[in-house]
Amino acid sequence: AQSVTQPDARVTVSEGASLQLRCKYSYSGTPYLFWYVQYPRQGLQLLLKYYSGDPVVQGVNGFEAEFSKSNSSFHLRKASVHWSDSAVYFCVLSAGNSAGNKLTFGIGTRVLVRP
Amino acid sequence: GALVYQYPRRTICKSGTSMRMECQAVGFQATSVAWYRQSPQKTFELIALSTVNSAIKYEQNFTQEKFPISHPNLSFSSMTVLNAYLEDRGLYLCGAREDTGQLYFGEGSKLTVL
């Protein structure tokens, strides 16, 4: 079985401050990990993904995430947030990269950036 | 570029009626299509996964009788919510994966049930 835990339901930060969103996963094999963002009244947009290699992956809009096998984590970071980063962020796990692999979503973390 | 279009974006239906939604892969051929539902204040749940040359696999709590899916070719999938009730409301998301493993999501079809 696979699972994803996002322990923070809501995070509020001031514009210009740094942001870290936590994600822990449970999976016995090699995970494929993603961070998606959902802006108000929209679908999902991919921020970044990790398959293998360098544990720090760069994404769009200044986001990066760090994979840790020992901690079973894939935390998302941004050095300086903008008000437009207010959204819900989902950590997602896939057991593989082939057609038959389903995705397991975390509960999501709602980020509010104060001006 | 590769995109996934979902139609309609929003639907309001009366309780007990049905609603059909479509998912079109553009710019690539989808080796699998997955349908998810995001109920209010919840995360995305997998409804079913449809893979080329395999039967459609439904997750626990979702059935073909309630959510029939058609996946006639590598670019198109449709799903119907039959006999919709309040608990069926939410955002229905289509995710299509191409043979490289790259995954694309549509914008979603939002269902409101009155």
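The structure we're discussing is the one just above.
Numbers given for residues are sequential positions, taken from 1 along each chain in its written order. Just so you know, chain letters begin at A and ligand numbers begin at 1, following the order they were written in. Only residues with pLDDT of at least 70 are given local features in this predicted model, and only at 80 or more are side-chain atom pairs given and counted; all residues enter the totals for whole chains, interfaces and linings. To obtain the side-chain values, all non-hydrogen atoms of the structure were included, while hydrogens and water were left out.

Draft legend 1. Quick peek at the side chain of Ser50 of chain B. The numbering of helices and of strands both runs from the N terminus, where a helix is a DSSP run of H or I of at least 4 residues and a strand a run of E of at least 2. For Ser50 of chain B, the location among the structural elements is in strand β5 (residues 44–51). Under this definition, polar contacts are N or O atom pairs within 3.5 Å; protein pairs additionally need one hydrogen-donor-capable and one acceptor-capable atom, and for neighbouring residues in sequence, both atoms have to be side-chain atoms. A distance of 2.5 Å separates a polar atom in the side chain of Ser50 of chain B from a polar atom in the side chain of His71 of chain B.

Draft legend 2. How the structure looks around the interface of chain A and chain B. Listed as interface residues are 22 residues of chain A and, on the opposing side, 22 residues of chain B. Both sides of the chain A and chain B interface together cover about 1700 Å² of buried area, and 51% of this is carbon and sulfur. Salt bridges are defined as contacts in which a side-chain nitrogen from Lys or Arg sits within 4 Å of a carboxyl oxygen from Asp or Glu. Seen at the junction of chain A and chain B, the total is 1 salt bridge. A salt bridge links Glu59 of chain B to Lys102 of chain A; the nearest nitrogen and oxygen atoms lie 2.9 Å apart. The interface formed by chain A and chain B holds 6 residue pairs in polar contact (both at pLDDT 80 or more) in total. Those elements giving two or more residues to the side of chain A that touches chain B turn out to be β5 (32–38), β6 (45–50), β10 (87–94) and β11 (103–105) of chain A. Grouping the amino acids of the side of chain A that touches chain B by side-chain chemistry returns 9 nonpolar, 10 polar and 3 charged. Any two residues whose heavy atoms approach within 4.5 Å at even a single point are treated as in contact. Accessible surface is computed with a 1.4 Å probe, and the buried area is the amount of it that two parts give up when combined, taken over both parts together. Any residue that is not Ala, Val, Leu, Ile, Met, Phe, Trp, Tyr, Cys, Pro, Asp, Glu, Lys or Arg is counted as polar, Gly included; the first ten are nonpolar and the last four charged.

Draft legend 3. Representation of the state of the cysteines in the model. All names here are of chain A. Put simply, a disulfide is two cysteine sulfurs that come within 2.5 Å. Counting across every chain of the model gives 2 disulfides over all chains. Residue Cys23 pairs covalently with Cys91 via a disulfide, S to S 1.9 Å. Disulfide Cys23-Cys91: the torsion about the S-S bond is -65°, which places it as left-handed. Note that Cys23 is positioned in the loop between β3 (19–21) and β4 (24–26) and Cys91 in strand β10, a separation of 68 residues in sequence.

Draft legend 4. Representation of the nonpolar core within the structure. With 27 residues, the main nonpolar core has Trp35, Leu48, Phe74, Leu76 and Tyr89 of chain A as its most contacted residues. When residues of this core are assigned to their parent elements, the largest contribution, 4 residues, is made by β10 of chain A. Excluding residues within four positions of it along the chain, Phe74 of chain A makes contact with Cys23, Leu33, Phe34, Trp35, Leu48, Tyr50, Val57, Ala65, Glu66, Phe67 and Cys91 of chain A. To qualify as a nonpolar core, a set must consist of buried Ala, Val, Leu, Ile, Met, Phe, Trp, Tyr and Cys residues joined through side-chain atoms within 4.5 Å. Each residue gets one of three labels from its accessible area relative to the maximum for its type: buried under 20%, exposed over 50%, partly exposed in between, using a 1.4 Å probe on protein chains only. Grouped together as the second largest cluster of nonpolar side chains are 24 residues, Val4, Cys23, Trp35 and Ile47 of chain B included.

Draft legend 5. The arrangement of the environment of Val11 of chain A in detail. Residue and element names in this part refer to chain A. Topologically, Val11 is positioned in strand β2 (residues 10–14). Distance from Val11 to Arg110, taken between C-alpha atoms, is 6.2 Å for residues 99 residues apart in sequence. Residues within four places of Val11 in sequence aside, it is in contact with Leu19, Leu21, Thr109, Arg110, Val111 and Leu112.

Any functional reading would require information beyond the geometric quantities listed.
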